[in-house]
Each structure stands twice: as C-alpha cells, then as structure tokens.
Amino acid sequence: MSRLVVGECIVDLHPEGAESGGHGDAGTYARRPGGAPANVAVGLARLGEAPALWTRLGRDGFGDFLAATLREEGIPDTYVERDPDAPTGLAVVALDADGDRSFSLYLDGTASTRLESGRIDDDALAAVDWLHVGGVELAHEPSRSAVFDLLERTPDGVTVSFDPNARPSLWREFDYADTLARALPNVGVLVASAEDLDPAGYGGTAETVASAVVADGPHTALITRGAAGAYARSTADAPWGAGHAEHPGFDADVVDTTGAGDAFTAGAIEALDGGSSLAEALRFGNAVGARATTAQGAMAALPTREQVEAFLDDE
C-alpha cells in the first residue's frame, strides 16, 4: 500500500438542472458519490494507481451505493468500513448560474464521524508512502481522536498531506484554530484556499498565507485560488526542495465546480509523488481541476490521466 487517503465518503444530492437557487429549491435531486477525501482517492485512481481509503459508510442503501462505486473505481475495500448503527452522511448541493456550488452538510451522528483509533496498525502505516487526510473528521468524535492518533503515529518517512476543508457549521464542540495548530506539526503538505485558513488566523494574500503556514510545521503549502489558479511555497525540508511557484489556472467551459479543489489535490499529489517540481505540480493540478469542472458531479467528473494530457495538449 503506497498511498492512503483518510476521510468521509458521502452522498451528494445534486439539483437536477444547471441552476437550483438555494438549498432545497430544486424539485428533484440526483444521487452522486462525494466527500472530499473520497474524491481525492478516486481522482488518484483515475490518474494512476488506486490508493487505499479509510472511511466509514452506513449499512444502508446509500452506503451500498457508495461501496459499489468505490469498488468500480478500483479502491480496495480493506479500510472501507460499514457501520450497522449510523447512517451514511449526506450533502445537499446548490448551484448558481456560473456553476459555483455551496453545501448543506448532514454529518452529525453519521458513519463518517465514527472512525475508531487503532484501525490501521503501525505495520500498515509504515508501508504507506503518502498519507492524505481530510479535515472534516476533526470536527467530530470519535473520528477526531482516530485521525489525530493516526497523524501522531505516522513515521517520518511518510509524506502527509492535509486539506482542512473548513466548514464553519460543523465546528460546534471543537475550536477550528486550535485544531489546525495541533494538526500542522504532523503535516508535510497543506492544501487549502486562503478562505479555508482565514478562520484559523492566517490572513492576507496567498503568498502571505503560504509563508505563515510553512512557518508552523508543513514544509509545503499549496494555496488554491479557484479560477485564478494556485500558489505554492516549500522549504528546504520538502522532497522537491525549497522554492515557490504560481500558476494562473486554465479556462474551461464550467458546468459544476463541485469537487474542483479535490481534483486539484489529486493532481498535485500525483505530480509531486511522481517527482515533479512545485511549478509542474501546480500546472498539472490546475489542469485536473479545470477539466473536472466541465461535467456535473464531484466524483463523476474526475478525469483520467489521458483526458488531462489531452486537455494540456490543447492549451
């Protein structure tokens, strides 16, 4: 097992039609697989080798749908758990006329929040080359303790990437800023937007935020800018060396931006883990993200490597 992704796999309820207005305004909704870490895992599978995914699904119809989807994408079921006592998590998606999305998350008490410490033992963790963790699990117990346990046991030779995926409505019991302060010393690569990091006290431009992040533990900060691309900074501790880079992003015929950031993350991980430079990783990650916005659905729209390469050839 060379890569492991940790976090939620949930059902996204997408409005039928290009524009829905507010949450609940659509007359009908389509069931689609989602969840940021699951999107990253499937993104990696389509770009190359499928990673393992540690997640927890309800033993219900939605869970059956997601488990089948992960199998079809080649994700091993080793760490895909089924919870007999909690339902599968849901997100209701709203899209505006530009394809920009917002979410109402229904995660309290769901299977995604019930990861348990010790599920991945030290031997299995030592076999991982790259660990990617989503931040939503840190808003709920017992998943919070399980993820911190995993981060704190991860050997030094494993590259750890982390997407805090800030969702203010989820942070009721635990403080978001304190949580990031505890997580970052165990993280090598932080992937986030400046907006995600602002509630934790990282304000300013992407450049300013990246510099502050690498001063707090991670050797690399990848700061996403939506349609404007991304900025990155790394220190001498990074496997790809010290430096900074930016990429303006690509024009695309946008249909749905749901999961575009997850697509970027998968592309950046694939590139960096494959020996690319920061600049090359931003270019590839932005291409994966842009290509993913041209169809509806976070997971369904994730491109293959061949599709990304064709997209880049056309630029």
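Residues numbered from 1 in each chain as written. Predicted model: local features only at pLDDT ≥ 70, side-chain atom pairs only at ≥ 80, totals over all residues. Heavy atoms only, no water.

**Q** Run through helix H4 (residues 143–153), naming residues and quoting values.
**A** Taken together, the buried positions of H4 are occupied by Ser143, Arg144, Ala146, Val147, Phe148, Leu150 and Leu151. Each element contacted by the buried residues of H4 is listed here: strand S1 (3–6), strand S4 (52–58), helix H3 (122–126), strand S8 (130–134), strand S9 (159–163) and helix H5 (176–183). (Buried < 20%, exposed > 50% of the residue type's maximum accessible area, 1.4 Å probe, protein only. Helix = DSSP H or I, 4+ residues; strand = E, 2+ residues; numbered from the N terminus. Contact = heavy atoms within 4.5 Å.)

**Q** Tell me what's going on with the environment of Ser276, and back it up with residues and numbers.
**A** Along the chain, Ser276 turns up in the loop between helix H8 (260–273) and helix H9 (278–292). Sequence separation between Ser276 and Trp240 is 36 residues; the distance between their C-alpha atoms is 7.5 Å. Beyond its immediate stretch of four places on either side in the chain, Ser276 contacts Trp240, Ala271 and Ala281.

**Q** Can you lay out the sheet that holds strand S13 (residues 243–247) for me, pointing to particular residues and giving the numbers?
**A** Pairing within the open sheet is mixed, and its nine strands lie in the order S5-S4-S1-S8-S9-S10-S11-S12-S13. Edge positions in the open sheet fall to strand S5 (80–83) and S13, since each of these has one partner strand only. Averaged over all adjacent pairs, the angle separating strand axes in this sheet is 15 degrees, with direction ignored. Pairing of S9 with strand S10 (residues 189–193), which is carried by two bridges, proceeds in the parallel orientation. Note that in S10 the partner of Phe162 across the bridge is Leu190. In the packing of H8 onto the sheet, the strands contacted are S1, S8, S9, S10, strand S11 (220–224) and strand S12 (230–234), and the crossing angle to S8 comes to about 165 degrees. (Pairing = 2+ DSSP bridges. Axes fitted to C-alpha atoms, helices over the stretch in contact; angles between N-to-C directions.)

**Q** Go over empty space enclosed by the protein with me, naming the residues and quoting the values.
**A** In total, this model carries one cavity of 30 Å³ or more according to the counting rule given. The calculated volume of the largest cavity comes to roughly 30 Å³. If you trace the largest cavity, you find it lined by Glu8, Ala36, Pro37, Val40, His132, Gly134, Gly135, Val136, Asp163 and Asn165. At the level of secondary structure, the elements contributing two or more residues to the lining of the largest cavity comprise helix H1 (36–47) and S8. Sort the elements by how many residues they give to the lining of the largest cavity and H1 lands first, with three residues. Along the lines of polarity and charge, the residues of the lining of the largest cavity split into four nonpolar, four polar and two charged. (1 Å grid on protein atoms, 1.4 Å probe; cavity = no way out; pocket = protein on both sides within 12 Å on 5 of 7 lines; lining within 4 Å. Points joined across faces, edges and corners; volume = space filled by probe spheres on them. Nonpolar A, V, L, I, M, F, W, Y, C, P; charged D, E, K, R; others polar.)

**Q** Could you give an account of unusual backbone geometry, with specific residues and numbers?
**A** Excluding glycine, residues mostly carry a negative phi; peptide bonds, for their part, are mostly trans. Between Glu141 and Pro142 the backbone carries a cis peptide bond, its omega angle lying at 5 degrees. Note that Pro142 resides in the loop between S8 and H4. In the Ramachandran plot, Asn165 falls in the positive-phi region, its phi being about 45 degrees despite a non-glycine side chain. Tracing the chain through its elements places Asn165 in the loop between S9 and H5.

**Q** Break down the packing of aromatic side chains for me, citing the residues and quoting the values.
**A** Considering all chains together, one arrives at three aromatic pairs under this definition. Between Trp130 and Trp240, the ring centres sit 6.2 Å apart and the planes meet at 25 degrees, which makes this aromatic pair stacked. Of this pair, Trp130 sits in strand S8 while Trp240 sits in the loop between S12 and S13; the two residues are 110 residues apart in sequence, bridging distant segments of the chain. Pair check on accessibility: Trp130 and Trp240 agree, each one buried. Look at Phe250 and Phe311: their rings are 5.5 Å apart centre to centre, the planes differ by 85 degrees, and that puts the pair in the edge-to-face class. One end of the pair, Phe250, is in the loop between S13 and H8; the other, Phe311, is in helix H10 (residues 305–313), with 61 residues separating them in the sequence. Both residues of the pair, Phe250 and Phe311, belong to the buried class. Between Arg144 and the ring centre of Phe174, over which it is positioned, the NZ or CZ distance is 4.0 Å. Sitting above the plane of the Phe148 ring, Arg182 keeps its charged end 3.8 Å from the centroid. (Phe/Tyr/Trp six-rings, centres within 6.5 Å; stacked < 30°, edge-to-face > 60°. Lys NZ or Arg CZ within 6 Å of the ring centre and 35° of its normal.)

**Q** Which residues make up the pattern of salt bridges, and what values do they have?
**A** By the definition in use, this model includes 16 salt bridges. Between Arg114 and Asp83 there is a salt bridge, with its nearest N and O atoms 2.5 Å apart. One end of the pair, Arg114, is in the loop between strand S7 (101–106) and H3; the other, Asp83, is in strand S5, and 31 residues separate them in sequence. When its relative accessible area of 1% is taken as the criterion, Asp83 is described as buried. Note that Arg225 and Glu207 form a salt bridge whose closest N and O atoms lie 3.1 Å from each other. Highlighted residues: Arg225 in the loop between S11 and S12 and Glu207 in helix H7 (residues 206–214), separated in sequence by 18 residues. For Arg225, a relative accessible area of 28% corresponds to the partly exposed category. (Salt bridge = Lys/Arg side-chain N within 4 Å of Asp/Glu carboxyl O.)

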